[in-house]
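Summary of the model geometry
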Amino acid sequence: MKSGSIGVWLACVVIGTMVGGCSVHLPKSRQGQGTIHCAVVYREKMLIPEDAVTIVELVNTSVPKPFPVVTWSTVAGHTGPPISFSFEYERTDVDLRLTYGLQARIENDGKVLFASDEPEPVLTQGHGEKAEVLVRRVP
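Turning our eyes to something else, we now look at the overall build of the protein. A count of helical and extended segments in the protein gives one helix and nine strands. Walking the protein from its N terminus toward its C terminus, one meets helices and strands in the order α-β-β-β-β-β-β-β-β-β. A burial count over the protein gives 30% of its 139 residues as buried. For the protein, the proportion of contacts with a sequence separation of at least 24, taken over those separated by at least 6, is 65%. When the accessible surface of the protein is summed, it comes to about 8900 Å², and 57% of that surface belongs to carbon and sulfur atoms.

Below you can see the structure in the form of structure tokens.
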């Protein structure tokens, strides 16, 4: 290609991008939904009420507390650990350059019975889609 034709080609690319808009194409592995598999555990030897609700949040831990919630899920009907379940998230909501974690709490009648101290790392920085989250009794 001659140097003059490179300039014309470059001008066409720039103008075409401006007129046609710019779109970002993510690799198929980063499109769609992913699934997080979680087990919420506590060490106390006790059962929780049948109507208690376990809430797990996927949070962005790259910023100071309170961590922004990316997505969350709830499950009810478990009376003791481990409280295992899976929930989906949008892969496009996760920036691979940042860090993420799962935090959990168990509530009954609006009162927090158990809560995690710190989020358990998931999804980025070598962490996968599975995590066990330890919650502690809230006085």
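Bringing the pattern of salt bridges into the picture now. Opposite charge on two side chains permits them to pair, given that their charged atoms come into close proximity. Taken as a whole and judged by the stated rule, the model has six salt bridges. Close ionic contact of Glu-57 with Arg-105 constitutes a salt bridge, the shortest N to O distance being 3.4 Å. In this pair, Glu-57 is assigned in strand β2 (residues 53-60) and Arg-105 in strand β5 (residues 100-108), connecting sequence segments 48 residues apart. Judged by relative accessible area, which is 13%, Glu-57 ranks as buried. For Asp-95, the salt bridge identified is with Arg-97, shortest N-O distance 2.6 Å. The exposure class assigned to Asp-95 is partly exposed, which follows from its relative accessible area of 22%. One network of salt bridges, with partners in common, ties together Glu-57, Arg-105 and Glu-107.

Moving on to the environment of Pro-68. Take Pro-68: it is sitting in the loop between β2 and β3 (69-76). Sequence separation between Pro-68 and Tyr-100 is 32 residues, and the spatial gap between their C-alpha atoms is 9.9 Å. In this structure Pro-68 touches Leu-58, Val-59, Asn-60 and Val-63, once residues within four positions along its chain are discounted.

On to the sheet that holds strand β1 (residues 33-41). Spatially, the three strands line up as an open sheet ordered β4-β1-β8, and their pairing is mixed. Two strands in the sheet have a free side with no partner beyond their single neighbour: β4 (83-90) and β8 (130-134). Here the strands of the sheet are splayed against their neighbours by 30 degrees on average, with no regard to which way each runs.

As for its position among the elements, Ser-116 is in the loop between β6 (111-115) and β7 (120-122). Accessibility expressed as a relative area gives 15% for Ser-116, which makes it buried. Those residues in contact with Ser-116, other than ones at most four positions away along the chain, are Gln-103, Ala-104, Val-133, Leu-134 and Val-135.

With that out of the way, let us pick up the confidence of the model for the protein. Across the protein, pLDDT averages 83, with 78% of residues at or above 70. Overall, residues 1-29 carries pLDDT values under 50, and its contacts beyond four positions in sequence, including any with other chains, amount to six contacts.

Another aspect to go through is the environment of Glu-90. Within the secondary structure layout, Glu-90 lies in strand β4. Judged by relative accessible area, Glu-90 falls into the partly exposed class, the value being 34%. Between the C-alpha atoms of Glu-90 and Gly-34, which are 56 residues apart in sequence, the distance is 6.3 Å. Once residues within four sequence positions are removed from consideration, Glu-90 is found in contact with Gly-32 and Gln-33. Among the polar contacts made by the side chain of Glu-90, one reaches the side chain of Gln-33 at a distance of 3.1 Å.

Quick notes on the rules
Residues numbered from 1 in each chain as written. Predicted model: local features only at pLDDT ≥ 70, side-chain atom pairs only at ≥ 80, totals over all residues. Heavy atoms only, no water. Helix = DSSP H or I, 4+ residues; strand = E, 2+ residues; numbered from the N terminus. Buried < 20%, exposed > 50% of the residue type's maximum accessible area, 1.4 Å probe, protein only. Contact = heavy atoms within 4.5 Å. Areas by Shrake-Rupley, 256 points an atom, 1.4 Å probe, with all protein chains shown as cover. Salt bridge = Lys/Arg side-chain N within 4 Å of Asp/Glu carboxyl O. Pairing = 2+ DSSP bridges. Axes fitted to C-alpha atoms, helices over the stretch in contact; angles between N-to-C directions. pLDDT = per-residue confidence, 0-100. Polar contact = N/O pair within 3.5 Å; in protein donor to acceptor, adjacent residues only side chain to side chain.

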